Amino acid sequence: MELETGQIGGLLFGGEIRKSLFYIRNFETELIGQFIYYMGTEQEWEIPGLVVEGTVEGTPSWMRASIGPVFTYRAYDYFFPYFYVNFNKLWGKYKMDQIVEDLKGSEDKKISAKSVISISLGAIYALTDSFSIKGEASFMPYKGGVDLGVLFKTMYVF
């Protein structure tokens, strides 16, 4: 079954733990661990091209766990470039239920990432003690290619 699904809503839960390991001159090394769980909402689609009525219901769920060191250069007052390398595991499933007249079927498709290593280069610019901007480029190498990611984030701490 191949469908153009568009966006699938859901709930995202997660947490992050940071532990400063050591600080030498202007270099800080931290260990960061993250866990994210996504529980998607059920979507239903009509199966196109059938003489009889048919529907497909799909529900995704996935998890991501990552852990690794981040090396930050803190020589400047408001600008902090960093290098982050981590073990990054993504796994989950997409449950599909099909109904065509009296026929019913169900299938779970596994979701997994091609790479378990992520390498990021980025910087944080602290405009004030409470407001900052973060930019990051990520590279996730795997056999036969590299996935790329870009992050731009504004942060307000209260």
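I will try to describe carefully the structure that is included in this document.

Notes on the packing of aromatic side chains
Describing an aromatic ring pair means giving the distance of the ring centres and the angle of the ring planes.
Logical step 1: Summed over the entire model, instances satisfying the criterion amount to six aromatic pairs.
Logical step 2: Considering the side-chain rings of Y38 and W62, the 5.5 Å spacing of their centres and the 25 degrees angle between planes classify their relative orientation as stacked. In this pair, Y38 is assigned in strand β2 (residues 27–40) and W62 in strand β4 (residues 54–73), connecting sequence segments 24 residues apart.
Logical step 3: Judged by its relative accessible area of 12%, Y38 is buried.
Logical step 4: For W62, a relative accessible area of 24% translates into the label partly exposed.
Logical step 5: Geometrically, the ring pair formed by Y73 and Y76 is edge-to-face, given 5.6 Å between the ring centres and 80 degrees between the ring planes.
Logical step 6: Aromatic ring contacts, followed pair by pair, group F27, Y73, Y76 and F79 into a single cluster.
Logical step 7: Lying across the ring of F80, R74 places its NZ or CZ 4.8 Å from the centre.

As for the environment of S132
Logical step 1: Relative to the elements of secondary structure, S132 occurs in strand β8 (residues 131–142).
Logical step 2: Residue classification places S132 among the buried residues on the basis of a relative accessible area of 11%.
Logical step 3: When residues no more than four places from it in sequence are discounted, the contact partners of S132 are I124, Y125, A126, L127, K153, T154 and M155.

Some details on the pattern of salt bridges
Any two side chains of opposite charge can pair, so long as their charged atoms come close to each other.
Logical step 1: Under the criterion given, the structure shown has six salt bridges.
Logical step 2: A salt bridge links K95 to D97; the nearest nitrogen and oxygen atoms lie 3.5 Å apart.
Logical step 3: What you see here is one network of salt bridges that share partners, running through E16, R18 and E30.

Details of the environment of R64
Logical step 1: Locating R64 in the fold gives a position in strand β4.
Logical step 2: Between the alpha carbons of R64 and L90 there is a distance of 4.4 Å; along the sequence they are 26 residues apart.
Logical step 3: Leaving out residues up to four positions away in the same chain, R64 has contacts with Q34, F35, I36, N88, K89, L90 and W91.
Logical step 4: Within the local environment of R64, its side chain forms a polar contact with the side chain of N88, the two groups lying 3.3 Å apart.

Brief notes about the side chain of T72
Logical step 1: Mapped onto the fold, T72 is located in strand β4.
Logical step 2: Excluding its chain neighbours within four sequence positions, the residues that come into contact with T72 are N26, F27, E28, F80, P81 and Y82.

Some thoughts on the pairing of strand β9 (residues 145–156)
Logical step 1: Looking at chain direction, β8 and β9 are connected through 12 bridges and run antiparallel. Residue pairing across strands places S138 opposite G149, the latter belonging to β9.
Logical step 2: Linkage of β8 to β9, two consecutive antiparallel strands, is achieved through a turn of two residues, within which G144 is found at a positive phi near 95 degrees.

A few points about a nonpolar patch on the surface
Logical step 1: Taken together, the side chains of L21, F22, I24, L31, I67, F87, V116 and I117 make up a nonpolar region of the molecular surface, amounting to roughly 670 Å² of accessible area.
Logical step 2: No other element matches the three residues that strand β1 (residues 10–24) contributes to the nonpolar patch.
Logical step 3: Tracing the chain through its elements places I24 in strand β1.

The rules behind the values
Residues numbered from 1 in each chain as written. Predicted model: local features only at pLDDT ≥ 70, side-chain atom pairs only at ≥ 80, totals over all residues. Heavy atoms only, no water. Phe/Tyr/Trp six-rings, centres within 6.5 Å; stacked < 30°, edge-to-face > 60°. Helix = DSSP H or I, 4+ residues; strand = E, 2+ residues; numbered from the N terminus. Buried < 20%, exposed > 50% of the residue type's maximum accessible area, 1.4 Å probe, protein only. Lys NZ or Arg CZ within 6 Å of the ring centre and 35° of its normal. Contact = heavy atoms within 4.5 Å. Salt bridge = Lys/Arg side-chain N within 4 Å of Asp/Glu carboxyl O. Polar contact = N/O pair within 3.5 Å; in protein donor to acceptor, adjacent residues only side chain to side chain. Pairing = 2+ DSSP bridges. Patch = residues over 30% accessible without salt bridge, like charges linked within 9 Å, V, L, I, M, F, W, Y side chains within 5 Å. Areas by Shrake-Rupley, 256 points an atom, 1.4 Å probe, with all protein chains shown as cover.

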